[in-house]
Structures are given as C-alpha cells and as structure tokens.
Amino acid sequence: MQLQQIGQRCVQELDIELAISAYREYGAADKVLLLERYRNVEHLPSLAGHMALIDDKPQLACEWFLRASDHTAALDTYTDLMEWEKAIALAETHAPDKISYARQQHAAQLELLGDNGGALVNYEKALAALQISDSMFERTCKIGIAKISIRMGDLPKGLALCRELRDPLLNEECAGILEEGRHFKDAARMYRDSGNLQKAAAMFLRAKEWKQAEEIIEKTDSMPLRVQLAKVKETAGDFNGAVRLYEAAGENDAVVRLLLESLNRTDLAIEVVDRTRSQEGAKMVAAHFMKMKDFASAIRYLLISGRGEEAFLTAQQYQQMDIFAKVVGDDQPAALYEKIAAFYESRHNTVRSSEYLIQAGQPRRAVDLLLKLLKQPVTMRAESVDEDSALTALVAATVKCNDSGTSDLVSQFLLGNDDGTPKVFAY
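A quick note: this is a predicted structure, and the numbers were derived from the prediction, not measured.

K.L.:
Please explain the overall build of the chain as it appears in this structure.
P.N.:
A tally of helices and strands in the chain yields 28 helices and 0 strands. Looking at the chain residue by residue over its 427 residues, the buried ones come to 43%. Carbon and sulfur atoms provide 50% of the accessible area of the chain, an area that totals close to 23200 Å².

In structure tokens form, the structure reads like this:
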C-alpha cells in the first residue's frame, strides 16, 4: 500500500499519529501541518469532522460537527461550500451574530445567478439582522440593494441610495443598468455623477435634454458628440450654433454647407475652403458660384475640388479659358495641360500653347510648334505674335528638352543658318 493511501486510511480511522508519520514520510507537509492542529482533540465527533475535511468530504464533516454540537465549525464549512440556506438556518439557531454575513453572501450569490428578488430580500434581511455596527458591511449591502432596486424598476429607492453612498463605481454601474432600461435622463445624471462625462452627454442627447448635453460636451474633447449636437441644432434651425460645433469638431464640409445654404455667408465659406483646401467644400462653393453665373470663381473652386476636367469644360463653354489657365496651377494631370495646349493652338496662340505643352511634359512638341511659327514669314502667319515672346518661349522649351540634338537645331535657327537672318544675339 502506498504511503499516501496509508495516511488517508489512518485519517479515516482517526489514527492521527500514524497518519502524521505516513504523510511526513510521503512528503505531504500541508497534510502534516493540518493533522498536528488536531492532535489534542479528544472529542471524537469533532475529530471525525476535522478528519473528514482533511479527507475532502465536507458534507460528512458537517454531519459530524452537528453531532458534536460544534456549530461554528459546521457553519464555517457550510460557508466554504456556499450552501447559504443551511448556513443561515444554522446561524439563526446557534450563531445569531453570523446571520447578517451569511445572508449578505447568499444575496451576492443570488445576484450573480440573476435572482434579483431573492438577492434583494437577503440584502435587506442582512442589514436588519446586523447586531454590531459595521459601516463597510452596511455599505456593501446598500450597494447591492441600490443596483437590484434599479434593475427591478424601483428607481426612487435605488437612486436615493446612490445619492447617499456617493460611490463613482456604483454610479457608473447603475447608469449602465438605467441605459439598458432606456431611462436615458437618469442614466445621464448617474454617468455625470460617476465622472464619465462622454457617456453622460450621450445619454442627455438620447433623452433630448439639449441644454444639459451642451454644457457637458463643452467640457469634453469628444468630436462625435459635438457632431451629434450640431445635427440637433441644425435640425432645430440654430445654424450659427451648428456651425460653431461643426467647426470645433473639424467637420469643415458641414461648415461650408451651412454657410452657403442656410446662412448666406459665401465669404466665410470661401475662407474655410481656402484655409482647409477641402475638395468637397470647394465642390460646394463651385456649385454655388455656378448658380450665381460667376464662372471665373466656379472654375477656380472646381480645380481645388479636383474636378479639373469639369473646370476645363466650363471654361470652354463660358469663354473663361484665360481665367482657367491663370488658376490651373502646376499639379494637374498631364492630359489636362495637353487639352489647354490644344485649345490655344486651335485659337492660333502658339506661345500659350507651348507653355502648356511644357507643363504636359512635351517640350519637344513645343519647340517644333514654335519653330514652325517663327520660320514662317510674318505676312503668312495665321496669328499675330510678339517675336520676343515667341523666342523666349522657344528658349524655355529647348532648355526643358535637355538634349543636344534639340539645342543644336534651335541654335542653328537662332544663328540664322536656316534663313540667313540671325536673331537677337541674347537668344
């Protein structure tokens, strides 16, 4: 037989000394220490109860403790087993000072199991049975009563206890219960009292308590809440208030929309777009100017909005190509610059066309176009052109080509080797 089994059998036979020897030899120091505590217990039922515990038979231990009238040991064992009803019954007859604590533990267990009614009864009875003042114990019971009262719909009772206890964690937990029950106004106040201002503001918004929501939102850095309140103000017709909140939340497109559509403040809308370079905002400003038939301004903001093609077509349709060319910038797709170049070529403006061919990444085409123009006799040209401007454009395009073949070709032309007429030496 193994030493462990010998020790266990000795425990069952209540032979403490032999059990200690067997477990010591086996190396079970914890068992040895336990057994040594009961060496001097002479009352056999009590000893049997303790040995049953060591043998992991708590129910049998309780039976022996009750036979031995060792009610304290029996109560402790029932408590360890979480058999609260037995513990309470035993405490009521033999340990009145333990009733409150047993009931509080039973209440906590019932609360976890979702038996709110049973938990509430036990919390209240635990308080009523308390014989000696214990502020921490009373607080624990009241916290349980507060939560369960709110959960069961007795809001006045639960909220009154929360106000009395002033416990931030309790307030937040109860606020969550109230939120689940759709009691948004009370939930908002509880979240506020817990210090969770963002949740408090969200609940005040859901409760449609706009003023209280705004007071709290101003104390937070929550952008989504600002946007939410801004939408409320917009719906209510408070456009200035909505603009202020949208701006604080960084919702610049919404700011532009309200300034244009509701407040008729085009000047401010333009300021926002120019500052933020918002494409969506620029699109709205462009549409506004189109309605006003201010095509030059519309073109500018179409470009900012990234709608270069539409800006080009608008410029063509309303004869605003010079305005378009002036504001087009140098960050558009090459295809757009090609279209501008083609437009100016069709209008017999070779110098302007060459500028946009260069921007389109086609300087050699610009060189060819300018040479073709400059080699024509003045009387045969289809356009009136300033010679200096054309030569300057030719040199610029040649430099952009950055290849010796093009440089030689243009140099021969400028030296007059083609037509026998040297051009101005500076070129």
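K.L.:
What exactly am I supposed to notice about the environment of Val 273 here?
P.N.:
Locating Val 273 in the fold gives a position in helix H19 (residues 266-276). With a relative accessible area of 0%, Val 273 lands in the buried category. Residues Val 273 and Asn 252, 21 residues apart in the sequence, show an inter-C-alpha distance of 8.1 Å. Setting aside chain neighbours within four positions, we find Val 273 in contact with Val 256, Ser 278, Gly 281, Ala 282, Val 285, Tyr 301 and Ile 304.

K.L.:
Hey, could you run me through the packing of helix H15 (residues 210-217) against helix H16 (residues 223-236) in this one?
P.N.:
In a packed pair of helices, the relevant descriptors are the angle between the two axes and the axis-to-axis distance. At their nearest, the axes of H15 and H16 sit 11 Å apart, and the two run at 145° to each other. The handedness of the crossing between H15 and H16 is left-handed. Of the residues in H16, those touching H15 at Trp 210, Glu 214 and Ile 217 are Leu 225, Arg 226, Leu 229, Val 232 and Lys 233. A breakdown of the residues in the contact of H15 with H16 according to their chemical character gives 5 nonpolar, no polar and 3 charged.

K.L.:
Can you help me understand the packing of aromatic side chains in this one?
P.N.:
Each aromatic ring pair is summarised here by two numbers: the centre-to-centre distance and the angle between the ring planes. Across all of its chains, the model carries 6 aromatic pairs by this definition. Residues Tyr 101 and Phe 137 carry aromatic rings whose centres are separated by 4.6 Å and whose planes lie at 55° to one another, so their mutual orientation is tilted. Here Phe 137 lies in helix H10 (residues 135-151) and Tyr 101 lies in helix H8 (residues 99-112), a separation of 36 residues in the sequence. Since its relative accessible area comes to 33%, Tyr 101 is described here as partly exposed. Residue Phe 137 is classed as buried on the basis of its relative accessible area of 6%.

K.L.:
Explanation requested: the environment of Tyr 356 in the structure shown.
P.N.:
Along the chain, Tyr 356 turns up in helix H25 (residues 350-359). Residues within four places of Tyr 356 in sequence aside, it is in contact with Ala 325, Val 328, Tyr 337, Ile 340, Ala 341 and Tyr 344. Within the structure, the side chain of Tyr 356 is placed 3.1 Å from the backbone oxygen of Ala 325, a separation counted as a polar contact.

K.L.:
For this particular structure, what's the right way to read the environment of Val 395?
P.N.:
Following the sequence through the fold, Val 395 ends up in helix H27 (residues 387-401). Sequence spacing of Val 395 and Ser 407 is 12 residues, and the spatial spacing of their C-alpha atoms is 9.0 Å.

K.L.:
Mind showing me how you'd approach the packing of helix H26 (residues 363-375) against helix H28 (residues 404-415) here?
P.N.:
Packing of H26 against H28 leaves a shortest axis separation of 12 Å and a crossing angle of 15°. As summarised for this structure, H26 and H28 are arranged roughly parallel, according to the angle between their axes. Handedness of the crossing formed by H26 with H28: left-handed. Between H26 and H28, the contacting residues are Arg 364, Val 367, Leu 371, Leu 374 and Lys 375 on the first element and Thr 406, Leu 409, Val 410 and Phe 413 on the second. Of the residues assigned to the contact of H26 with H28, the class counts are 6 nonpolar, 1 polar and 2 charged.

K.L.:
Explain the pattern of salt bridges to me, please; I cannot follow it from the model alone.
P.N.:
If the charged atoms of two oppositely charged side chains come close together, the side chains can form a pair. This model, assessed by the stated rule, comprises 21 salt bridges. Salt-bridge contacts for Glu 111 lead to Lys 147; the nearest nitrogen and oxygen are separated by 3.6 Å. Taken together, the positions of Glu 111 in helix H8 and Lys 147 in helix H10 put the pair 36 residues apart, joining distant regions of the chain. For the pair shown, Glu 111 and Lys 147 are each scored as buried. Arg 139 is the partner of Asp 167 in a salt bridge, and the nearest nitrogen-oxygen pair spans 3.7 Å.

K.L.:
Help me understand helix H12 (residues 168-180), please; the structure alone is not making it clear to me.
P.N.:
Count 3.6 residues to each turn of an α-helix, and residues three or four apart come out pointing the same way. The end-to-end C-alpha distance of H12 is 18 Å, a good match for the 18 Å that 13 residues give at a rise of 1.5 Å each. Elements that come into contact with the buried residues of H12 comprise H10, helix H11 (155-165) and helix H13 (184-194). For H12, the N-terminal capping position is held by Asp 167, with its side-chain oxygen 2.9 Å away from the main-chain nitrogen of Leu 169. Looking one or two residues past H12, Arg 182 carries a phi angle of roughly 65°, positive in sign.

Procedures and definitions
Positions within a chain are numbered from 1, following the residues in the order the chain's sequence is written. Totals for whole chains, interfaces and linings use every residue, but because this is a predicted model, local features are given only for residues with pLDDT of at least 70 and side-chain atom pairs only at 80 or more, for both listing and counting. Heavy atoms from the whole structure form the basis of all side-chain values; hydrogens and water molecules are not counted. Strands are runs of DSSP state E lasting at least two residues, helices are runs of H or I lasting at least four, and both sets are numbered from the N terminus onward. Only protein chains enter the accessibility calculation, which uses a 1.4 Å probe; a residue is then buried when its area is under 20% of its type maximum, exposed when over 50%, and partly exposed in between. Where accessible areas are quoted, they stem from the Shrake-Rupley method and a 1.4 Å probe; at the residue level, only the protein chains shown are allowed to cover. Contact between two residues is taken to exist if any of their heavy atoms lie within 4.5 Å; hydrogens are not considered. Angles here are taken between N-to-C directions and fall from 0 to 180 degrees, while the axes themselves are lines fitted to C-alpha atoms, restricted in helices to the stretch in contact. Handedness of each helix crossing follows the sense of rotation of the near helix against the far helix: counterclockwise by less than a right angle gives left-handed, clockwise gives right-handed. Charged residues are taken to be Asp, Glu, Lys and Arg, nonpolar residues to be Ala, Val, Leu, Ile, Met, Phe, Trp, Tyr, Cys and Pro, and polar residues to be all remaining types, Gly included. Ring pairs shown here join Phe, Tyr and Trp side chains whose ring centres sit within 6.5 Å, with only the six-membered ring taken for Trp; geometry is labelled stacked below 30 degrees between planes, edge-to-face above 60, and tilted in between. Counting of polar contacts relies on pairs of N or O atoms within 3.5 Å, with two restrictions inside protein: one atom must be capable of donating a hydrogen and the other of accepting it, and residues adjacent in sequence are counted only when both atoms are side-chain atoms. Roughly parallel means an angle under 35 degrees; roughly antiparallel means over 145; roughly perpendicular covers 65 to 115; every other angle is labelled oblique. Counted as salt bridges are all cases of a side-chain nitrogen of Lys or Arg within 4 Å of a carboxyl oxygen of Asp or Glu. By this rule, a helix spans an expected 1.5 Å times one less than how many residues it contains.

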